[in-house]
Amino acid sequence: KPNLSKRYHSQYIRPYLLRNLKINRPDQVWGVDITYLRMKKGFMYLFVIIDWYSRYIVDYELSSTLDKSFVLSCLNRAISRQKPEIINSDQGGHFTNPDYIKLLEDNGVKISMDGKGQCLDNVRTERFFRTLKYDRIYINEFETPRELRIMLIEYMKTYNTYRPHSSLGGACPVDYYLKSKLNEAA
């Protein structure tokens, strides 16, 4: 299994800002992380941005390499549409590097990082990965990256718009996200 959590430089590590924080609105906290998705031969890497309040998948990117550019391009795309107050990540190399830090700081986003070895600090994002893998990855064999991309497009749409969540009172993430945004605007 690939190790995706190697630090780049400790000088770019930021404190965990979410301890005892009541998350009560969309775009207050986004969680980001990378996981690997196995295929019949090899694997690909999935970067996901999830709104912690609504469990809404804000954006995602699939890559065949661990080059940091796929993370930065996805974040740029998401932040161009909506800015979170805080982004939480682990202390992996994609998040402890000057380009990642600069992108968030230039956009006025606070940076939060899980404590070392504290996977529960990013539990909502990890839970999404578990759900995706049990719902689609472990029960299917994807031959090509194209097949994997097609499945992800369908899965993200289903997850955001049709899949009810007990933690949201049976609502779907997009309904919860948009309803809260509309209430904020009113």
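What comes next concerns the included structure. (Residues numbered from 1 in each chain as written. Predicted model: local features only at pLDDT ≥ 70, side-chain atom pairs only at ≥ 80, totals over all residues. Heavy atoms only, no water.)

Section: the overall build of the protein chain
Threshold: Put simply, DSSP marks the helices as runs of H or I at least four residues long and the strands as runs of E at least two long, and each gets a number from the N terminus on. Each residue's exposure class comes from its accessible area (1.4 Å probe, protein chains only) as a fraction of the maximum for that residue type: buried when under 20%, exposed when over 50%, partly exposed otherwise. Only heavy atoms enter the contact rule, under which two residues are in contact if any of them lie within 4.5 Å. Using the Shrake-Rupley algorithm and a 1.4 Å probe, accessible areas are obtained, with residue cover drawn only from the displayed protein chains.
Summing up its helical and strand segments, the protein chain has five helices and five strands in all. Listing each helix as α and each strand as β along the protein chain from the N terminus yields β-β-β-α-β-α-β-α-α-α. For the protein chain, buried positions account for 47% of its 186 residues. For the protein chain, the share of sequence-separated contacts (at least 6 apart) that also reach a separation of at least 24 residues comes to 63%. Surface summary for the protein chain: the accessible area is close to 9800 Å², and the carbon and sulfur share equals 50%.

Quick word on the sheet that holds strand β4 (residues 86–89)
Rules: Pairing between two strands is assigned when DSSP locates at least 2 bridges connecting them. Only the stretch in contact is used when a helix axis is fitted, and all axes are lines through C-alpha atoms; the angle between N-to-C directions ranges over 0 to 180 degrees.
One open sheet accounts for five strands, arranged β3-β2-β1-β4-β5; its pairing is mixed. On the outer flanks of this sheet lie β3 (57–63) and β5 (110–113), each paired with one strand and no other. Direction aside, the axes of adjacent strands within the sheet are offset by 20° on average. Bridge count for β4 against β5 is four bridges, and the pairing is parallel. Paired with S89 across the bridge in β5 is M113. This element, helix α3 (residues 123–137), spans β1 (29–38), β2 (43–51) and β3 of the sheet and lies at about 35° to β1.

Observations concerning the packing of aromatic side chains
Rules: Stacked, tilted and edge-to-face pairs are distinguished by plane angle, under 30 degrees for stacked and over 60 for edge-to-face with tilted covering the rest, among Phe, Tyr and Trp rings (Trp via its six-membered ring) whose centres lie within 6.5 Å. Two thresholds decide whether a charge sits over a ring: the Lys NZ or Arg CZ must be within 6 Å of the ring centre and within 35 degrees of the ring normal.
Within this structure, the stated rule accounts for twelve aromatic pairs. Aromatic side chains Y36 and F43 sit 5.8 Å apart centroid to centroid with 70° between the ring planes, which places their arrangement in the edge-to-face category. Exposure remark for Y36: the relative accessible area of 21% places this residue in the partly exposed category. Judged by its relative accessible area of 36%, F43 is partly exposed. Ring geometry for Y134 and Y138: centres 5.0 Å apart, planes at 90°, overall edge-to-face. Overall, Y134 belongs to the exposed group, its relative accessible area being 56%. A connected cluster of aromatic rings, assembled from ring pairs, spans F47, F70, F95 and Y100. In this arrangement the basic side chain of K133 is found over the ring face of Y36, its NZ or CZ atom lying 4.7 Å from the centre.

Some remarks on the environment of L104
Turning to its location among the elements, L104 is positioned in helix α2 (residues 98–106). With a relative accessible area of 0%, L104 lands in the buried category. Residues L104 and K83 lie 21 residues apart in sequence; the distance between their C-alpha atoms is 9.6 Å. Dropping the residues within four chain positions of it, L104 is found in contact with I79, I87, V109 and I111.

Focus: the pairing of β2
With eight of its nine residues buried, β2 lies for the most part within the structure. Between the antiparallel neighbours β1 and β2 lie four residues, among them G42 with a positive phi of about 90°. By the bridge criterion, six bridges tie β2 to β3 in an arrangement that is antiparallel. When the bridges of β3 are listed, F47 appears paired with E61.

Some thoughts on the packing of α3 against helix α4 (residues 145–161)
The condition is simple: Any angle from 65 to 115 degrees is called roughly perpendicular, while one under 35 is roughly parallel, one over 145 is roughly antiparallel, and all others are oblique. Note: crossing handedness is left-handed where the near helix turns anticlockwise from the far helix by less than a right angle, and right-handed where it turns clockwise.
Running from N to C, α3 and α4 point in directions that differ by 120°, and their axes come no closer than 12 Å. One way to sum up the angle between α3 and α4 is to call them oblique. Considering the relative orientation of α3 and α4, their crossing is right-handed. Contact residues: α3 offers F128, T131, L132, D135, R136 and I137, while α4 offers L148, M151, L152, E154, Y155, M156 and Y159.

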